[in-house]
Amino acid sequence: MHAAQIWLVRAIELHSPVATLMRTHWAWPIAESLHFIGLCLLVGCIGSFDLRLLGVARRVPIAAMHRLVPFGILGFAINVSSGLMFLLTEPDQYIYNPSFHFKVLALGIAGVNAGLFYLTSYRQVFGASPSLDAPRRAKVIALLSLTAWMTVIICGRMLTFYRPGDCVGELGLLLTCTPK
Amino acid sequence: MSIDPFLVWLESTPLSEWVVGSPSLLAFPGILALHAIGMGLAAGLAAVLDLRILGVARGVPLIEFRRFRPVLWGGFWLNAVSGVLLLIGYPTKALTNPVFYLKLLLIAVAMVLFVRIDRLIRTGDASTPAAARSLRRLAITSLVCWSGAITAGRLLAYTYHRLRA
């Protein structure tokens, strides 16, 4: 894994026209603001859908509530775009950052979990009769979704406090320091 | 009259020193993380209500959105508390920066708009065309205020003149 990380950082550093743009005066703060606005859109839309599955606002048809999900995906798209701009500008600050590793892990869990929802519960929940109460499995998925997204936010906010320093001493499975 | 003696005193309190100086992850980093989560809940759910008013997810009865109100207020109070803690940590940084007051103003306006929208929905006055129009205006203004508040908050890290008294 170490070699792959080092290769990735070098590859990004070699060809990153995004970095030139991001190093202009206000580009980074503007991208950060968009990243936070996207976060609100994602948490608002996906979070309220999860809460509905868990039993809040039970009289609302789940299918009607699901109309919000595309806007949550829009928020996610804003955040993938702005997030990639950070990554493509300062790759070593993310690729070697343990908080980033956990953030990517939580993102992966959120993604697989969303996939599981559409594979296992989508049809039941959207059935002919507008179900008032989601099945147990869908509730577990909703709870996992909320937990995963909260973890993504926490890890994202913690990035600054786990900035990788120079490598000294023992190394783990993943590099969490900048190699010389 | 200068505010400086107050800032010096506040920065010397044990709570301020803990927020800024403690190596614990529960101190400054934890408070920041809670502030981001509260933002997502408050601004996020307010945005969802605004989107619904503007025509998204029409199948959801507006009145039923009131069920999410406690979560929105929970996010708001989480951020009021975490925000005050951050302010106690770095009072000079915030209070000497005009952008901080702009952020507070935008949040205040956004919350007043939320309460007004909620009242229109609760009293059932939202059904006439004139009321629906004014509801849409309130929703658009709310989205603008929240976006502005979030941007102003983010810019606090870049626009301050003094870090400590």
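For the structure itself, look to the data block above.
As the structure is a computational prediction, the values presented were derived from the model and not from experiment.

Participant: It is not clear to me how the side chain of D92 of chain A should be interpreted in this structure. Could you clarify?
Facilitator: Residues and elements named next belong to chain A. One can find D92 in helix α6 (residues 91-95). Buried within the structure, D92 lacks any salt-bridge partner; its nearest side chain of opposite charge belongs to R23, at an N-O separation of 7.3 Å. For D92, the residues in contact, after removing those within four places along its chain, are V9, P164 and T178.

Participant: Can you help me understand the pattern of salt bridges in this one?
Facilitator: Working definition: two side chains of opposite charge can pair if their charged atoms are close together. This model, assessed by the stated rule, comprises 9 salt bridges over all chains. Two residues, E90 of chain A and R23 of chain A, come together in a salt bridge whose shortest N-O distance is 3.8 Å. Note that E90 of chain A is positioned in the loop between α5 (69-89) and α6 and R23 of chain A in the loop between α2 (17-22) and α3 (27-54), a separation of 67 residues in sequence. For E90 of chain A, a relative accessible area of 28% translates into the label partly exposed. The partner of R162 of chain B in a salt bridge is D4 of chain B, with the nearest N and O atoms 3.2 Å apart.

Participant: So what exactly am I meant to see when it comes to the side chain of S142 of chain B here?
Facilitator: Considering the arrangement of structural elements, one finds S142 of chain B in helix α7 (residues 129-159). Owing to a relative accessible area of 3%, S142 of chain B belongs among the buried residues under this scheme.

Participant: I keep staring at unusual backbone geometry and nothing clicks. Help me out?
Facilitator: Comment: phi is negative for the bulk of residues other than glycine, and the bulk of peptide bonds are trans. Residues and elements named next belong to chain A. Phi is positive for A57, close to 55°, though the residue is something other than glycine. Inspection of the secondary structure assignment puts A57 in the loop between α3 and α4 (62-65). Residue classification places A57 among the buried positions, given a relative accessible area of 4%.

Here is what the cut-offs are and how they apply
- Residues numbered from 1 in each chain as written.
- Chains lettered and ligands numbered in written order.
- Predicted model: local features only at pLDDT ≥ 70, side-chain atom pairs only at ≥ 80, totals over all residues.
- Heavy atoms only, no water.
- Helix = DSSP H or I, 4+ residues; strand = E, 2+ residues; numbered from the N terminus.
- Buried < 20%, exposed > 50% of the residue type's maximum accessible area, 1.4 Å probe, protein only.
- Lys, Arg positive; Asp, Glu negative; His and termini not counted.
- Salt bridge = Lys/Arg side-chain N within 4 Å of Asp/Glu carboxyl O.
- Contact = heavy atoms within 4.5 Å.

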